[in-house]
Amino acid sequence: MKCKFCNKEAEVTIRYPRMHLCENHFKEYCENRVKNVIDKHRLIEKDEKLLVAVSGGKDSLVLAYILNKLGYEFEGLHIDLGIEDYSEMCKKSSKKIFSEIGLPLHIVKIKKLLGRGIGEVKTRRPVCSYCGLTKRYIMNKFAYDNGFTTVATGHNLDDESAFVFSNILHWNIDYLSKQGPLLEAEDKFVKKIKPLYELRDKEISLYASFAKIEHVTKKCKYARGATSIKYKKFLDILEKDNPGIKLNFIRGFLRNRKIFKKKDFELRECEICGMPSQGKKCAFCRFWRLKEPLMFQ
Ligand code: SF4
Ligand code: ZN
Ligand code: ZN
C-alpha cells in the first residue's frame, strides 16, 4: 500500500479519516492536527507566556516536542510526585526531552515541598483524587507566581472523550461546562489549553516511536483504580466498529456545550494561600494542612 501523499510504502493506516501514510507524512498529519486545534480554538495567541506541564509519559512529551517543532516558545514544568522509582523515571524522560529541544524545564518536588510524596498520606481519599488536586493546584500556582499566562497539558482525544462521556452519564453539569481544549483565565486561574485534543492515544504512541521520544511506559502503581479506564475501554469498543465516533462525539459536545450552564460559585480568597476558594481555605491548603502558602517565585 502506498502513502496517500508520496510514493513511499505506507507504514500507518488511519481509520478515520481513512488513509495510508508513510512515517514522515504520518508525523506531519499529527503536527497539522495539533496546529489546527491551536488555530481553530485560538489556544495560543501572541505575547502569551506558555508553560508546558510534562509528566514523563508519551502525551506530554510529544506535546512539548510538537510545540517546539511548530515554533512556539515555552518553558516546561515537571512535578516530581515522589512515587519511588516511577517518579525517578518520569523525571529523567522529562529532563531528556527538554535538554534535546534546548528549552528550560522547572522541577517541583512534592516530597521536598510538602513533606510526603503521593501515596504516603494517610487519608480516606483515593490516591488519584488527591494527586489530581495537587497537580492542578501546583501547575496553576507555579504559573501564576511566575507570570505565565497559559498552561498546556497533554490530554488527548481518548482522555477527553472518556471524561465527557462519564460526566454525561453522571450528569455532572458543572464539570461539563468547563470541558474543552480551552479554559479561559479567570481571577487567579491562568488559561489552560489542551493542544492534543484531537489526537488519539495510539497516534501519539506511534508518533513518539517514529520521533524516538523516550518516555515512561510503565504505569503508575495507583493507576489500576482509576475509574476513567473503564470508560476508555467502553469507547474503544464503540470506536472499533464505528471509526471516528470519539472525534465526532467530542466535536459535537463542543458545538453543544453551551447547554451545560456553569454554576456561579461565589469565590473568595483562601486565607492561607490567597488563591480563589469556595470556603475559608482552598481544597489544597485544607488537604495538605498548610499554615503558610506555597510560593514558587
Ligand atoms: Fe497520580 Fe493516580 Fe496518575 Fe498515579 S495514576 S500519577 S496517583 S493520578
Ligand atoms: Zn508519504
Ligand atoms: Zn489555599
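For the structure itself, look to the data block above.
It should be emphasised that the depicted structure is a prediction, and the values quoted were computed from it without experimental measurement.

Draft legend 1. Just the overall build of the protein, in detail. Helices and strands together make up the secondary structure of the protein, namely 11 helices and 10 strands. Taken over the C-alpha atoms alone, the protein extends approximately 65 × 45 × 40 Å along its principal axes. A buried classification covers 49% of the 297 residues belonging to the protein. A sequence separation of at least 24 residues applies to 69% of the contacts in the protein between residues at least 6 apart. For the protein, the exposed area adds up to about 16,400 Å²; of that, 51% sits on carbon and sulfur atoms. Looking at the protein, you have 58 positive and 38 negative side-chain charges, and the mean spots of the two groups are 5 Å apart.

Draft legend 2. Main features of the coordination of the zinc ion (ligand 3). Of the protein atoms, only Cys-270 (SG), Cys-273 (SG), Cys-282 (SG) and Cys-285 (SG) coordinate the zinc ion (ligand 3), at distances of 2.3 to 2.4 Å. For the zinc ion (ligand 3), the 4 donor atoms in the first shell make angles of 104 to 114° at the metal, a pattern classed as tetrahedral. Donor residues for the zinc ion (ligand 3) sit on one chain with the sequence pattern C-x2-C-x8-C-x2-C. In this pair, Cys-270 sits in the loop between strand E9 (268–269) and strand E10 (276–277) while Cys-285 sits in helix H11 (residues 283–287), placing the two residues 15 residues apart along the sequence. Accessibility assignment for this pair places Cys-270 and Cys-285 in one class, buried.

Draft legend 3. Region of the structure containing the site of ligand 1. In the vicinity of ligand 1, the residues found are Leu-81, Val-127, Cys-128, Cys-131, Lys-135, Cys-220, Tyr-222 and Ala-223. For the shell around ligand 1, a count of residues per class yields 7 nonpolar, no polar and 1 charged.

Draft legend 4. Structural view of the coordination of the zinc ion (ligand 2). Surrounding the zinc ion (ligand 2) are the protein donor atoms Cys-3 (SG), Cys-6 (SG), Cys-22 (SG) and His-25 (ND1), which sit 2.1 to 2.4 Å from the metal. With a relative accessible area of 6%, Cys-3 lands in the buried category. Overall, His-25 belongs to the buried group, its relative accessible area being 18%.

Draft legend 5. Spotlight on a nonpolar patch on the surface. A contiguous nonpolar surface patch, about 250 Å² in accessible area, is contributed by Phe-189, Phe-265 and Leu-267. Note that Leu-267 resides in the loop between helix H10 (245–256) and E9.

Draft legend 6. Examining the side chain of Lys-246 more closely. Tracing the sequence through the fold places Lys-246 in helix H10. In this view, Lys-246 contacts Leu-157, Asp-158, Ser-161, Leu-235, Asp-236 and Glu-239; residues no more than four positions away in its chain are not counted.

Draft legend 7. A look at the pairing of strand E4 (residues 75–80). Summarising burial for E4: 5 of the 6 residues are buried, a large majority. Pairing of strand E3 (residues 50–53) with E4, which is carried by 3 bridges, proceeds in the parallel orientation. Note on E4: the bridge partner recorded for Ala-53 is Leu-77. The handedness of the E4 to strand E5 (residues 105–109) crossover, carried by helix H3 (residues 84–101), is right-handed.

Draft legend 8. The arrangement of helix H2 (residues 58–69) in detail. With 12 residues, H2 ought to run about 16 Å at 1.5 Å a step, and its terminal C-alpha atoms sit 16 Å apart, in line with that. The buried fraction of H2 amounts to 9 of the 12 residues, a majority that puts the element mostly inside the structure. All buried positions along H2 are accounted for by Lys-58, Asp-59, Ser-60, Leu-61, Val-62, Leu-63, Ala-64, Ile-66 and Leu-67. Packed against the buried residues of H2 are helix H1 (23–40), E3, H3, strand E6 (150–152) and helix H8 (201–210). Following H2 by one or two positions, Gly-71 adopts a phi angle in the positive range, close to 95°.

Draft legend 9. View of the side chain of Ser-277. Looking at where Ser-277 falls in the secondary structure, it is placed in strand E10. Using a relative accessible area of 3% as the deciding quantity, one classes Ser-277 as buried. A distance of 3.2 Å separates a polar atom in the side chain of Ser-277 from the backbone oxygen of Lys-281. Beyond its immediate stretch of four places on either side in the chain, Ser-277 contacts Glu-266, Leu-267, Arg-268, Cys-270 and Cys-282.

Cut-off values and rules
- Residues numbered from 1 in each chain as written.
- Chains lettered and ligands numbered in written order.
- Predicted model: local features only at pLDDT ≥ 70, side-chain atom pairs only at ≥ 80, totals over all residues.
- Heavy atoms only, no water.
- Helix = DSSP H or I, 4+ residues; strand = E, 2+ residues; numbered from the N terminus.
- Buried < 20%, exposed > 50% of the residue type's maximum accessible area, 1.4 Å probe, protein only.
- Contact = heavy atoms within 4.5 Å.
- Areas by Shrake-Rupley, 256 points an atom, 1.4 Å probe, with all protein chains shown as cover.
- Lys, Arg positive; Asp, Glu negative; His and termini not counted.
- Charge placed at Lys NZ, Arg CZ, Asp CG, Glu CD.
- Donors = N, O, S within 2.8 Å, 3.2 Å for Na, K, Ca; no water.
- Tetrahedral: all angles 85-135°; square planar, octahedral: opposite > 155°, others 65-115°.
- Near = heavy atom within 4 Å.
- Nonpolar A, V, L, I, M, F, W, Y, C, P; charged D, E, K, R; others polar.
- Patch = residues over 30% accessible without salt bridge, like charges linked within 9 Å, V, L, I, M, F, W, Y side chains within 5 Å.
- Salt bridge = Lys/Arg side-chain N within 4 Å of Asp/Glu carboxyl O.
- Pairing = 2+ DSSP bridges.
- Right-handed = clockwise from strand over helix to strand, strands pointing away.
- Expected span 1.5 Å × (residues − 1).
- Polar contact = N/O pair within 3.5 Å; in protein donor to acceptor, adjacent residues only side chain to side chain.

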